[in-house]
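Observations on the model geometry
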Amino acid sequence: GAVVSQHPSWVICKSGTSVKIECRSLDFQATTMFWYRQFPKQSLMLMATSNEGSKATYEQGVEKDKFLINHASLTLSTLTVTSAHPEDSSFYICSARDSAAHEQYFGPGTRLTVT
Amino acid sequence: KQEVTQIPAALSVPEGENLVLNCSFTDSAIYNLQWFRQDPGKGLTSLLLIQSSQREQTSGRLNASLDKSSGRSTLYIAASQPGDSATYLCAVRPIQAGTALIFGKGTTLSVSS
């Protein structure tokens, strides 16, 4: 099956700093990528949808200036958490879909801890 | 707005039992439904995907059914094993193009030996 990678798998940062998370589709071209956030013992909540070359569409309640999403190529999307705060600590999971696929393929997730 | 509900939220069973996890969704206009497994602190593992035109899918000891008109899906696990302990997530893909999977809150399964 298709493989999606994320980097880093975990990161610890200080409050006020910015963190970038990369999501790559390794063996297919992802026309659409999705970013989810999962708090402990909660389900995945969609943060934003991005199409290659276009601005991301953010879900209600997600600050677009705080969570910067770039989908500059068909195999790479990045999520930058700007001016991170402890409440941004969460598990961030990216997902990718190509134009022919019926499935969304998920990355392994990135654990962000803000101290 | 599509909402996905999973019942029960948690389930504990002894090894060897057959069990059923339930998923319901409010809008029957779906493209497909997918069941995932998630181990603590880990990402998602896709278990079964059912297209909207299908009634069920099987993989090993797992069988998932879909009744789109009533907005329900079940995941049947036969002869449960301790290694089946995990959180099981149900997700639907809305029919609108370009939309993301919408997840339920999951059922956390614990199988004791």
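In this text the structure is predicted, and so the values were computed from the model without any measurement.

Parameters and conventions
Sequence order sets the numbering: in each chain, residues are counted from 1 along the sequence as written. Chains and ligands are labelled sequentially in the order written, the chains with letters from A and the ligands with numbers from 1. Only residues with pLDDT of 70 or above have their local features reported here, since the model is predicted, and side-chain atom pairs are shown and tallied only from 80 upward, although totals for entire chains, interfaces and linings are computed over all residues. To get the side-chain values, take all heavy atoms of the structure and skip hydrogens and water. Numbering goes from the N terminus for both helices and strands, where a helix is a DSSP run of H or I of at least four residues and a strand is a run of E of at least two. For a compact globule the rule gives 2.2 Å times the number of residues to the power 0.38, and the radius of gyration it is set against comes from C-alpha atoms. Each residue gets one of three labels from its accessible area relative to the maximum for its type: buried under 20%, exposed over 50%, partly exposed in between, using a 1.4 Å probe on protein chains only. Should any heavy atoms of two residues lie within 4.5 Å, those residues are considered in contact. Only the protein chains shown count as cover for residues, and the accessible areas themselves come from Shrake-Rupley with a 1.4 Å probe. Note on charges: Lys and Arg go in the positive column, Asp and Glu in the negative column, and His and the chain ends are not counted at all. One atom stands in for each charge, and that atom is NZ of Lys, CZ of Arg, CG of Asp or CD of Glu. Note on pairing: two strands pair once DSSP finds at least 2 bridges between them. Defined in terms of a 1.4 Å probe, buried area is the accessible area two parts forfeit on being brought together, summed over both. Take a side-chain nitrogen of Lys or Arg and a carboxyl oxygen of Asp or Glu: if they are within 4 Å of each other, that pair is a salt bridge. In protein, a polar contact means a hydrogen-donor-capable atom and an acceptor-capable atom, both N or O and within 3.5 Å, with residues adjacent in sequence counting only if both atoms are side-chain atoms; elsewhere, any N or O pair within 3.5 Å suffices. Ten residues, namely Ala, Val, Leu, Ile, Met, Phe, Trp, Tyr, Cys and Pro, are considered nonpolar, four, namely Asp, Glu, Lys and Arg, are considered charged, and the remaining ones, Gly among them, are considered polar. Among buried residues, the Ala, Val, Leu, Ile, Met, Phe, Trp, Tyr and Cys ones that are joined through side-chain atoms within 4.5 Å form a nonpolar core. Classification of ring pairs rests on two measures: the distance between centres of Phe, Tyr or Trp rings, Trp counted by its six-membered ring, which must be within 6.5 Å, and the angle between planes, read as stacked under 30 degrees, edge-to-face over 60 and tilted in between. Geometrically, a charge over a ring is one whose NZ (Lys) or CZ (Arg) sits within 6 Å of the ring centre while staying within 35 degrees of the ring normal.

When helices and strands are counted, chain A shows 0 helices and 11 strands. Mapped from its N terminus to its C terminus, chain A presents α and β elements in the order β-β-β-β-β-β-β-β-β-β-β. What you see for chain A is a C-alpha radius of gyration of 13 Å, in line with the 13 Å of a compact globule of 115 residues. Across its three principal directions, the C-alpha atoms of chain A cover 40 × 25 × 20 Å. Burial analysis of chain A (115 residues in total) assigns 49% to the buried set. Long-range pairs, those at least 24 residues apart, make up 55% of the contacts in chain A between residues at least 6 apart in sequence. Per element, the accessible surface of chain A, about 5700 Å² overall, is 52% carbon and sulfur. Computed over 10 positive and 10 negative side-chain charges, the separation of the two mean positions in chain A equals 6 Å.

Attention now goes to the pairing of strand β4 (residues 32-38) of chain A. Residue and element names in this part refer to chain A. With 7 of 7 residues buried, β4 lies mostly within the body of the structure. The two faces of β4 match: T32, F34, Y36 and Q38 on one face and M33, W35 and R37 on the other face are all buried. The pairing of β4 with strand β5 (residues 45-51) spans 6 bridges and is antiparallel. In the strand pairing of β5, Y36 is matched with L46. Connecting β4 to the antiparallel partner β5 that follows it, the hairpin turn spans 6 residues, and K41 within it adopts a positive phi of roughly 60°. Bridging between β4 and strand β9 (residues 90-97) involves 7 bridges; their strand directions are antiparallel. Residue pairing in the sheet places Y36 in a bridge with I93 of β9.

With 21 residues of chain B at the interface, the matching set in chain A holds 19 residues. Between chain B and chain A the total buried area reaches about 1400 Å² when both faces are included, carbon and sulfur atoms providing 51% of it. Inspection of the region where chain B meets chain A yields 0 salt bridges. For the pair chain B and chain A, the interface holds 5 residue pairs in polar contact (both at pLDDT 80 or more). Mapped onto the side of chain B that touches chain A, the elements with two or more residues apiece are β4 (30-38), β5 (44-51) and β9 (86-94) of chain B. Across the side of chain B that touches chain A, the residue classes tally to 8 nonpolar, 10 polar and 3 charged.

Here the focus is the nonpolar core. All names here are of chain A. Ranked by size, the top nonpolar core spans 25 residues in total, and within it V4, W35, F67, L79, Y92 and L112 carry the most contacts. Elements represented by at least two residues in this core include exactly β2 (10-13), β3 (19-25), β4, β5, β7 (67-73), β8 (76-81), β9 and β11 (110-114). Ignoring any residue separated from it by four or fewer positions in sequence, one finds F67 in contact with R37, M47, Y58, V62, L79, T80, V81, D88 and Y92.

This part takes up the packing of aromatic side chains. Enumeration over the complete set of coordinates arrives at 7 aromatic pairs over all chains. One aromatic cluster is present, built from ring pairs that chain together Y36(A), F106(A), F36(B) and F103(B). Its end group placed over the ring of F67(A), K66(A) keeps NZ or CZ at 6.0 Å from the ring centre. Lying across the ring of Y31(B), R93(B) places its NZ or CZ 4.3 Å from the centre.

Let us look at unusual backbone geometry. Residue P8(A) is reached from H7(A) by a cis peptide bond, and omega for that bond is 0°. Secondary-structure assignment places P8(A) in the loop between β1 (4-7) and β2. In this structure, P8(B) follows I7(B) across a cis peptide bond, with omega equal to -5°. Mapped onto the secondary structure, P8(B) falls in the loop between β1 (4-7) and β2 (10-14). At K41(A), a position not held by glycine, the phi torsion is positive, near 60°. In this fold, K41(A) is placed in the loop between β4 and β5. Owing to a relative accessible area of 86%, K41(A) belongs among the exposed residues under this scheme.

With that out of the way, let us pick up the side chain of D88(A). Following the sequence through the fold, D88(A) ends up in the loop between β8 and β9. Once you skip the residues sitting within four places of it in the chain, D88(A) turns out to touch K66(A), F67(A), V81(A), S83(A), L112(A) and V114(A).

Residue and element names in this part refer to chain A. Position of S15 among the secondary structure elements: in the loop between β2 and β3. As for S15 and T82, which are separated by 67 residues in sequence, their C-alpha atoms are 9.9 Å apart. In this structure S15 touches A84, H85, P86, V114 and T115, once residues within four positions along its chain are discounted. A polar side-chain atom of S15 sits 3.4 Å from the main-chain carbonyl oxygen of A84.

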